[in-house]
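Secondary and tertiary structure notes
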Amino acid sequence: MNAKSMSVWVAALAMGLGTHLAAAAKTSTPDSAALLGANDNEWVLPAKNYESNPYSGLKQIAPNNVASLGLAWSTALADEGQQEAAALSWNGTLFIATAHNGVVALDAASGKLKWQFPYDPSYIISFSVNRGVGIADGKVFMATLDCRVIALDAETGKQVWNVAGCSDPRNSFYSMAAYVYKGAVIVGHAGGDYGTEGSVTAFSTKDGKQLWDWSTLKRDTWPGNSWQHGGAAVWSGVSIDPKVGTLFVAPGNPGPDMVLKGREGPDLYSNSLVALDINGKQPKVKWHYQLVKNDTHDADASMIPVLFTAKVAGKMQDLVAIGDKAGDFVVLDRKSGKPLHKLAVSDQTGFFTTVPTVEGTHACPNHGGGIEWLGGGYDPESNLFFVPSTEECGIWKLDANPPVYAPGQAYKGGALPKRGKGTGVLTAIDMDTGAVRWRKPLPFPGQGGALITASGLVFTSDLGGSLYALSTTTGEQLWHVDTGSAVVAPITTHVVGGQQYLNVVVGQAGNQQTANLPTPQASRVLAFRLGATQAVVNSSEGQVARATSKNAAAGEVAVSIGNAPYTAEQVTAGAAVYAQHCAVCHGAQLQGVAAPAMAGPAFARTKPTLAQLHTVVTKNMPLTAPGTLPAADYAAIMAYMLSYECVKPSGEGKTPFPTGDISALKPITFGAKICPPGGGKE
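Fair warning: this is a prediction, and the values are worked out from it, not measured in the lab.

Attention shifts here to the environment of Lys284. Looking at the secondary structure, you find Lys284 in strand β18 (residues 284-290). Put simply, Lys284 and Thr246 are 38 residues apart on the chain and 9.5 Å apart in space, counted from C-alpha to C-alpha. Other than its neighbours up to four places away in sequence, Lys284 contacts Ala275, Leu276 and Asp277.

In structure tokens, the structure reads:
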């Protein structure tokens, strides 16, 4: 073979190899065309499609047979916690993000593990949750709690690239699903309660290079320099109208949370729906609509915007729907932003007529909603929009002293209200008139969204662990199952092997815990299909609960430096109080489950002060009733934690940790080593 023939052969081989690799990428994940397509056999985006309307044209599961829906298989997740991710489906594989930024790929028909990418964030600012991955062009994309954006090989789970994300990692984190659109991974960061500056950022799917970044803070609408820690984070999800290249985002509450003084005004784009033109190099605002002005009740515009076309006043219109934690549900003209329907789906007693005070004021809903992030969806068959919400009130109290901004610490006027015995309701709203057609009460908060099928069914869930199938036209309950674990994730549907499946990920209630919830079982992925009577139960074998992050910040000390007063008796008492009130979120070994770790490397990397740790314990614990334990119990918890964190007792262990002011105590530098009381394993 001469040189010319050799070069032709090499070129042909390269072309063939390239074609093969391109084909492999398309089979392992969808390409751009498939993401834009309407394939009801798959679930390819976090809320099914770019319009974020969870409506499926599948009809195999129907009102006349849904009662025979049974559990086909379940797969245990080693990464325990608050599971909120959608199960994405493509070509026989499910791709699922877990609570601490792990990813599992499961066989869609059996639930068997194909591969796992285990992760453990190098630090966690707030509650541990991830709302899903994005899939495209042979990769799986995820944004993490420690501000990374990661691409994995969809066939193997091996990391392809890993880049830094949030512009201010001291106050920000990613909990939102990764949305893939035209070669970009689009994600907004959370942290609105920590004094961050909200933004939405696009990264190249090829190499993670940042393509653009849009700030949610319109500075000239904020008094003085209050915008600097104004929040308005985008954490729930986004929607896209691909026909015109418009991105719809819903920035959350302004900061400081619960306190209006110093930021009276529009504070845009907090608590708003914003339409962004993303056809150019940088997004441009087309219009905005603010749901709540001068917010003092944590009224995030939490619902993922839903785009749909419906009949309004007898005419078909392109619409967008949005809801907030105040219980407001609004439908707007998609092109102009003009509101067409607005109604409250939750009790709003005191919400707009009171403000939090030192003494406390009663207002509904509580900080868990109203309408939470999954919102609902539209059914073109009935012209109804279905939205679940929560009914729960709270006492909104401020601290005596105004909030002071400190990096990495909550920037709010006081602890969020004690959680009550929340219930839920699914509301069906006629888009023609804006009137409520029917309402279905739920025994626990309704936060799992809605899945509508063309067969005339709407599926929803409650936080207590139940799944429901209702008639879209009447609201009649046709199917119900108790999963045994909290449901905060969406229900998805797809077809594999000619069978229609429903999937949902269940786990802990985490930061949505209410006082009346049953004790949840462990985290699992569940799959239901018609006629299933004997479920395949897959253990978590082959999975790793956590994998040490390679993104750890350098500089944390090995062993805590400094000492503090506490006694052995306080440590023993504190262990019991912690187990009763704190372990459900922070873990039995303080390792962090739904809430951040309170000992160990991840805790040390946040570099808290003793005063900050004391504030977290006394103001935010326990989750369902913050600040309500006796002072002696809080002092005991502090003693237990300090012992666990290898902080040596001062005063020969005879001086108790104080039940009041701690300003006289010496500073402590917390280290990565742990010293479990009683000689447990480190």
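Looking now at the packing of aromatic side chains. Applying the stated criterion to the full structure yields 18 aromatic pairs. Ring geometry for Tyr578 and Tyr640: centres 5.5 Å apart, planes at 50 degrees, overall tilted. With Tyr578 in helix α3 (residues 568-581) and Tyr640 in helix α7 (residues 631-644), this pair connects stretches of sequence that are 62 residues apart. Here the aromatic residues Phe308, Phe329, Tyr378 and Phe385 are joined through ring pairs into a cluster of three or more. For the cation-ring pair, Arg131 lies above Trp373, with the distance from its terminal atom to the ring centre recorded as 5.0 Å. Positioned over the ring face of Trp227 is Arg219, at 3.8 Å from the centre of the ring.

This part covers the state of the cysteines. Scanning the model with the defined rule gives three disulfides in all. The residue that forms a disulfide with Cys147 is Cys166, at a sulfur-sulfur distance of 2.1 Å. Its S-S torsion of approximately -90 degrees makes the covalent link between Cys147 and Cys166 left-handed. Taken together, the positions of Cys147 in the loop between β8 (139-143) and β9 (148-153) and Cys166 in the loop between β10 (159-164) and β11 (179-181) put the pair 19 residues apart, joining distant regions of the chain. Judged by relative accessible area, Cys147 falls into the buried class, the value being 3%. The side chain of Cys646 participates in a disulfide bridge whose partner is Cys675; the two sulfur atoms lie 2.0 Å from each other. Across the S-S bond linking Cys646 and Cys675, the dihedral sits near 105 degrees, which makes this disulfide right-handed.

For the rest of this paragraph, the subject is the sheet that holds strand β1 (residues 55-56). Two modes of strand pairing occur in sheets, parallel and antiparallel, and in both the strands are linked by backbone hydrogen bonds. The strand order across the open sheet formed by five strands is β1-β29-β30-β31-β32, and the pairing between neighbours is mixed. Both outer strands of the open sheet, β1 and β32 (477-482), are each paired with one neighbouring strand and no more. Taken together, the five bridges between strand β31 (residues 466-471) and β32 define a ladder with antiparallel strand orientation. Paired with Leu467 across the two strands is Val481, which belongs to β32.

Right, let's get into the packing of helix α6 (residues 610-620) against α7. Close contact between α6 and α7 brings their axes to 10 Å; oriented N to C, the two are set at 130 degrees. By the angle between their axes, α6 is oblique relative to α7. With respect to the hand of their crossing, α6 and α7 are arranged in right-handed fashion. In this structure, α6 uses Leu610, Leu613, His614, Val617 and Thr618 to contact α7, whose residues at the interface are Tyr634, Ile637, Met638, Met641 and Leu642. Split into classes, the residues belonging to the contact of α6 with α7 amount to eight nonpolar, two polar and no charged.

The subject of this paragraph is unusual backbone geometry. Here the amide bond leading from Leu268 into Tyr269 is cis, since omega sits at 5 degrees, within 30 degrees of zero. Among the structural elements, Tyr269 can be located in the loop between β16 (246-249) and β17 (272-277). Backbone torsion omega between Gly369 and Gly370 reads 10 degrees, so that peptide bond is classified as cis. Among the secondary structure elements, Gly370 is positioned in the loop between β23 (361-363) and β24 (377-379). The phi angle at Asp137 is positive, at roughly 50 degrees, despite the residue not being glycine. Along the chain, Asp137 turns up in the loop between β7 (134-136) and β8. Positive phi outside glycine occurs at Asn294, with the angle close to 55 degrees. In this fold, Asn294 is placed in the loop between β18 and β19 (306-312). Among the residues examined, Asn294 registers a relative accessible area of 30% and is labelled partly exposed.

Here the focus is the environment of Ala625. Turning to its location among the elements, Ala625 is positioned in the loop between α6 and α7. Under the relative-accessibility criterion, Ala625 is labelled buried at 10%. Each C-alpha atom, one on Ala625 and one on Gly424, is 20 Å from the other, the two residues being 201 residues apart in sequence.

Cut-offs used in this document
- Residues numbered from 1 in each chain as written.
- Predicted model: local features only at pLDDT ≥ 70, side-chain atom pairs only at ≥ 80, totals over all residues.
- Heavy atoms only, no water.
- Helix = DSSP H or I, 4+ residues; strand = E, 2+ residues; numbered from the N terminus.
- Contact = heavy atoms within 4.5 Å.
- Phe/Tyr/Trp six-rings, centres within 6.5 Å; stacked < 30°, edge-to-face > 60°.
- Lys NZ or Arg CZ within 6 Å of the ring centre and 35° of its normal.
- Disulfide = S-S within 2.5 Å.
- Buried < 20%, exposed > 50% of the residue type's maximum accessible area, 1.4 Å probe, protein only.
- Pairing = 2+ DSSP bridges.
- Axes fitted to C-alpha atoms, helices over the stretch in contact; angles between N-to-C directions.
- Parallel < 35°, antiparallel > 145°, perpendicular 65-115°, else oblique.
- Left-handed = near helix turned anticlockwise from the far one by under 90°.
- Nonpolar A, V, L, I, M, F, W, Y, C, P; charged D, E, K, R; others polar.

What is shown is where atoms sit, not what they do.
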